[in-house]
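Each chain, letter by letter, is given below.
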Amino acid sequence: MTRIFIDGAAGTTGIQIRDRLSGRDEFDLITLGDEARKDDAARAGAINAADIVILCLPDEAARQSVAMIANGTTRVIDASTAHRTAPGWIYGLPEISGREAVAKARFVSNPGCYSTGFIALVAPLVAAGLIPADAALSCNAVSGYSGGGKSMIAEYESADGAPSAWRTYALGLAHKHVPEMQARCGLTRRPLFAPAVVPLYSGMVCEVPLFREMTNGSADQMRTALADHYAGSPIISVAQDYEPATLPVEMLSGQDSMRLFVFADPASDQIRLVAALDNLGKGASGAAVQSLNLMTDLPETTGLRL
Ligand SMILES: NC(=O)C1=CN([C@@H]2O[C@H](COP(=O)(O)OP(=O)(O)OC[C@H]3O[C@@H](n4cnc5c(N)ncnc54)[C@H](OP(=O)(O)O)[C@@H]3O)[C@@H](O)[C@H]2O)C=CC1
Ligand SMILES: CC(=O)N[C@@H](CCC(=O)OP(=O)(O)O)C(=O)O
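A few points on the structure. As the structure is a prediction and not an experimental result, all values here were calculated from the model.

**Digging into helix H9 (residues 219–229)**
What H9 keeps buried is the set Ala219, Met222, Arg223, Ala225 and Leu226. Considered in projection along H9, the buried side chains sweep an arc of 165° and stay on one side of the axis. The outward face of H9, more than 90 degrees from its buried face, is lined by the exposed residues Asp220 and Asp228. Buried residues in H9 make contact with helix H6 (113–127), strand E11 (236–238), strand E12 (258–264) and strand E13 (270–277).

Below, the structure is given as structure tokens:
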């Protein structure tokens, strides 16, 4: 049995991972009581007793946990932003980094939720030469409020009601996901990222608008390239047709899959690449469990909500 310790198990991502692991007899879960979960000596003990540690902590605490490893074997899946472009860490998007690379990795950084949608859309198209690596890309996105963790959940679920029906943020144009979006797609320019949050618990849509002259291919070529890239994936699918006139942010709420769309008007030169996912599913806990499955030689979808 693989011994697992979730550091930060009482947080939003930690609880979701625990739920997905409950009842699975491949894993022996090391737990710390409420009085010990922030005690450094207790955490260090649990970290070093585990085969795999899943970090569901703020960045600084995640760095601290890694520094507590005093052996050469404990493996790590870090859900925070701390190691997503760090040397020596494998990016936990197996459909892009390679399943084998994740399966063998000692240190895996779980992708940001928005980054998951953006990179899934853009990285294969850059690799196929359909989007130039020096393209000036934008990403508009909307998330459920659980993306902001316990503090944002409390803000949106307060007795006063939700603070806003829609609010944009990252107005300093330096959102923490931008470095991984750029690096993991191999872009030479920093993408312009405009996220927003709505009073829905979880759900996410990420969109990359394109003018045809920014690209080296048509919408049909892009849809085919994405379909080829994700062929056989049980988690990421590419829509060939989409009939409804709208695409709601809650499309994949509660699920660990992701669906990609390429919209275009044949008469115009404009394209919209869109990813629908759940910020807590493929955007966080579902992805962490997928990587954990691969790292322990299990089918990648075991325990996922598909
Ligand atoms: N929510 C989401 O959609 C996503 C979140 N993430 C990332 O996952 C990580 C966790 O986020 P999330 O679950 O949302 O955050 P939460 O705020 O919901 O949970 C964080 C947990 O970490 C605990 N914690 C904080 N500092 C320490 C410490 N020094 N030692 C031990 N425990 C500590 C907190 O304790 P306490 O309960 O006492 O506050 C809390 O339980 C973050 O890095 C976040 O960026 C990644 C992808 C998506
Ligand atoms: C709505 C909201 O606030 N979302 C968070 C991102 C959540 C996430 O996935 O980011 P990490 O994986 O990097 O924690 C934010 O924009 O900071």
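Alright, that's what it looks like, and here's the rest.
**Digging into the site of ligand 2**
Close to ligand 2 lie 14 residues; Gly112, Cys113, Ser143, Gly147 and Gly148 are nearest. Only strand E9 (192–198) and helix H10 (281–295) provide two or more residues apiece to the shell around ligand 2. The residue makeup of the shell around ligand 2, split by class, is 5 nonpolar, 8 polar and 1 charged.

**Some points on the environment of histidine 177**
Within the secondary structure, histidine 177 is located in the loop between strand E8 (167–168) and helix H8 (178–185). Given 23 C-beta atoms within a 10 Å radius, histidine 177 is considered buried.

**Quick notes on the pairing of E12**
Bridge count for E11 against E12 is 3 bridges, and the pairing is parallel. If you follow valine 238 over to E12, its bridge partner there is leucine 260. Sheet analysis places E12 next to E13, joined by 6 bridges and oriented antiparallel. Note on E13: the bridge partner recorded for leucine 260 is alanine 275. Here E12 folds back onto E13 in antiparallel fashion, the turn holding 5 residues.

Analysis parameters
Residues numbered from 1 in each chain as written. Chains lettered and ligands numbered in written order. Predicted model: local features only at pLDDT ≥ 70, side-chain atom pairs only at ≥ 80, totals over all residues. Buried ≥ 20, exposed ≤ 12 C-beta atoms within 10 Å, placed from the backbone. Helix = DSSP H or I, 4+ residues; strand = E, 2+ residues; numbered from the N terminus. Arc of directions from axis to C-beta. Contact = placed C-beta atoms within 7 Å. Near = placed C-beta within 6 Å. Nonpolar A, V, L, I, M, F, W, Y, C, P; charged D, E, K, R; others polar. Pairing = 2+ DSSP bridges.

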